Amino acid sequence: MRRTRNWILAAAAVGVLGGAGLVGVGMMRDSGSGTGARAATVRAAAVPTQAAQAQAQAAAPQPAATSTGPSAAEVRATRVKALDAALKKYAASAPEFSVAVLDRRTGQRYSFRGTEKYETASVVKVQVLACLLLKAQDSGRDLTATELSLAKRMIRLSDNDATTSLFSKLGRASGVGACNKRLGLTQTKVNSAWGLTRTTVNDQVKLLAELTDTSGPLDADSRKLAYTLMSTVDESQDWGVPAVAKSTEKFTVKNGWLARSTENYRWIINSVGRVTGPGTDVSIAVLSHDNGTMSGGIATVQKVAKLTRQHLKY
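What counts, and where the lines are drawn
- Residue positions within a chain follow its written sequence, with the count starting from 1.
- Where local features are concerned, this predicted model is filtered to residues with pLDDT of at least 70; where side-chain atom pairs are given and counted, the filter is 80 or more; whole-chain, interface and lining totals use all residues.
- Heavy atoms from the whole structure form the basis of all side-chain values; hydrogens and water molecules are not counted.
- Strands are runs of DSSP state E lasting at least 2 residues, helices are runs of H or I lasting at least 4, and numbering of each runs from the N terminus.
- Partly exposed residues are those whose accessible area sits between 20% and 50% of the maximum for their type, while under 20% is buried and over 50% is exposed, using a 1.4 Å probe and protein chains only.
- Note that accessible areas follow from Shrake-Rupley with a 1.4 Å probe, and for residues the cover is restricted to the protein chains shown.
- What counts as a disulfide here is a pair of cysteine sulfur atoms lying within 2.5 Å.
- Here the axes come from fitting lines to C-alpha atoms, over the contacting stretch only for helices, and the angles between their N-to-C directions go from 0 to 180 degrees.
- In this scheme, roughly parallel covers angles under 35 degrees and roughly antiparallel covers those over 145, while 65 to 115 is roughly perpendicular and the rest are oblique.
- The contact definition used throughout considers only heavy atoms, calling two residues in contact when any of these lie within 4.5 Å.
- By convention in these notes, a salt bridge is any Lys or Arg side-chain nitrogen within 4 Å of a carboxyl oxygen on Asp or Glu.
- By convention the crossing between two helices is left-handed if the near helix lies anticlockwise of the far one by an angle smaller than a right angle, and right-handed if it lies clockwise.
- The criterion for an aromatic pair is that two Phe, Tyr or Trp rings (for Trp, the six-membered ring) have centres within 6.5 Å, with stacked assigned to planes under 30 degrees apart, edge-to-face to planes over 60 apart and tilted to the rest.
- Either the NZ atom of lysine or the CZ atom of arginine qualifies as a charge over a ring when it sits within 6 Å of the ring centre and within 35 degrees of the ring normal.

Labelled according to an unreviewed UniProt entry, the chain appears under the name Serine hydrolase, originating from Paractinoplanes aksuensis.

(A) Up close: the overall build of the chain. Looking only at helices and strands, the chain features 10 helices and seven strands. Residues classed as buried in the chain amount to 41% of the 314 residues present. As displayed, the chain has an accessible area near 15,800 Å², and 53% of this comes from carbon and sulfur atoms.

(B) Representation of the state of the cysteines within the structure. Taken as a whole and assessed by the stated rule, the structure comprises one disulfide. Sulfur-sulfur distance for the disulfide between cysteine 131 and cysteine 179 comes to 2.2 Å. Residues cysteine 131 and cysteine 179 are joined by a disulfide whose S-S torsion is about -100 degrees; by sign, that bridge is left-handed. One end of the pair, cysteine 131, is in helix α4 (residues 124-138); the other, cysteine 179, is in helix α7 (residues 172-182), and 48 residues separate them in sequence.

(C) Representation of the packing of α4 against α7 in the model. Packing of α4 against α7 brings their axes to within 10 Å, and their N-to-C directions diverge by 80 degrees. As the angle between them shows, α4 and α7 are arranged roughly perpendicular. Contacts between α4 and α7 involve Gln127, Cys131, Leu134 and Asp138 from the first element and Val176, Cys179, Asn180 and Arg182 from the second.

(D) Structural detail: the pattern of salt bridges. Tallied over the full model, the rule gives 10 salt bridges. Taking the shortest distance from any N to any O, the salt bridge between aspartate 281 and arginine 104 comes out at 3.5 Å. Of the two residues, aspartate 281 sits in strand β7 (residues 280-291) while arginine 104 sits in the loop between β1 (97-103) and β2 (109-112), which places them 177 residues apart along the sequence. Judged by its relative accessible area of 14%, aspartate 281 is buried. We classify arginine 104 as partly exposed; its relative accessible area is 31%. With a closest N to O distance of 2.6 Å, arginine 266 and aspartate 290 form a salt bridge. Highlighted residues: arginine 266 in strand β6 (residues 266-277) and aspartate 290 in strand β7, separated in sequence by 24 residues.

(E) Spotlight on the environment of valine 272. Following the sequence through the fold, valine 272 ends up in strand β6. Since its relative accessible area comes to 1%, valine 272 is described here as buried. Sequence separation between valine 272 and glutamine 204 is 68 residues, and the spatial gap between their C-alpha atoms is 7.2 Å.

(F) Representation of the environment of aspartate 159. If you trace the backbone, aspartate 159 turns up in the loop between α5 (145-156) and α6 (160-169). With 37 residues separating them in the primary sequence, aspartate 159 and serine 122 have C-alpha atoms 9.1 Å apart. The contacts of aspartate 159, once residues within four sequence positions are left out, are Lys125, Arg153 and Met154.

(G) Representation of the packing of α4 against α5 in the model. Where α4 meets α5, the closest approach of the two axes is 10 Å, and the angle between their N-to-C directions is 160 degrees. Put simply, α4 runs roughly antiparallel to α5. For α4 against α5, the interelement crossing comes out left-handed. Packed against α4, whose contacting residues are Lys125, Val126, Val128, Leu129 and Leu132, the element α5 presents Glu147, Ala151, Met154 and Ile155 at the interface.

(H) Summary view of the packing of aromatic side chains. Here the structure, examined in full by the defined rule, presents three aromatic pairs. One aromatic cluster is present, built from ring pairs that chain together Tyr90, Phe97 and Phe112. Lying across the ring of phenylalanine 97, arginine 113 places its NZ or CZ 5.5 Å from the centre. In this arrangement the basic side chain of lysine 303 is found over the ring face of tyrosine 90, its NZ or CZ atom lying 5.3 Å from the centre.

Encoded structure:
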């Protein structure tokens, strides 16, 4: 399920050509006895030799060479424009979706419908995990054996009972909501029915960044555990974001899926995760709803994720 990566670095070529020269023509000493000889000497001195002319031309200041290729900013703008067009075209015939990408190597962010809110389904479990780790940090301790067991089931197997247990332990909606402020999630509203929490792709890539940021609220042990759990999900849940990774790359992922009763049991299909490898470190979030089937929703999410890689060239 790992996919091919194309990463193109664009650099503008700058040619610099400079320097100036001064050519002096030496005056010959008058060795003749007559005025004709002296005049010839003056004329000879006044007319540069062919070699002197060539030297003067070579030493003369030349105009600086100009760049013939687009700048990095122009290349990025072109790629973003192409991706916007591709996603708009696909959106015309697909269920509603949003996508965001954060390139950690460059700091560049991209989002399509970045502030549209969607119900999380099980991707909220990443928030629950982050808040659980922060709570343990605040107490200066590791997760208890019970907490660790529940966290493993919640992330690797997407176990709902384990999630409910941890959600309650954290203080339910109010507790997780307060924790979200520490994580910088300003567009996420936690619901007492945790799977109906509403969020945006912009907030989801922010959360993914907090799971890896060395200057963020999570310490090294917490970041390591989050990575371990999200990189070892059950094979049956190895879809979504991993579809853009190639065989030489690693990924983390947490997916969410729910047949929504209020939408005629059409499917919410979400995927958040990170792809890393030589020259690549991106976090991706794709949220969607109104999918006719679960498999169709997975196909939509994966196509959207692949379009971002195709056009942004990460």
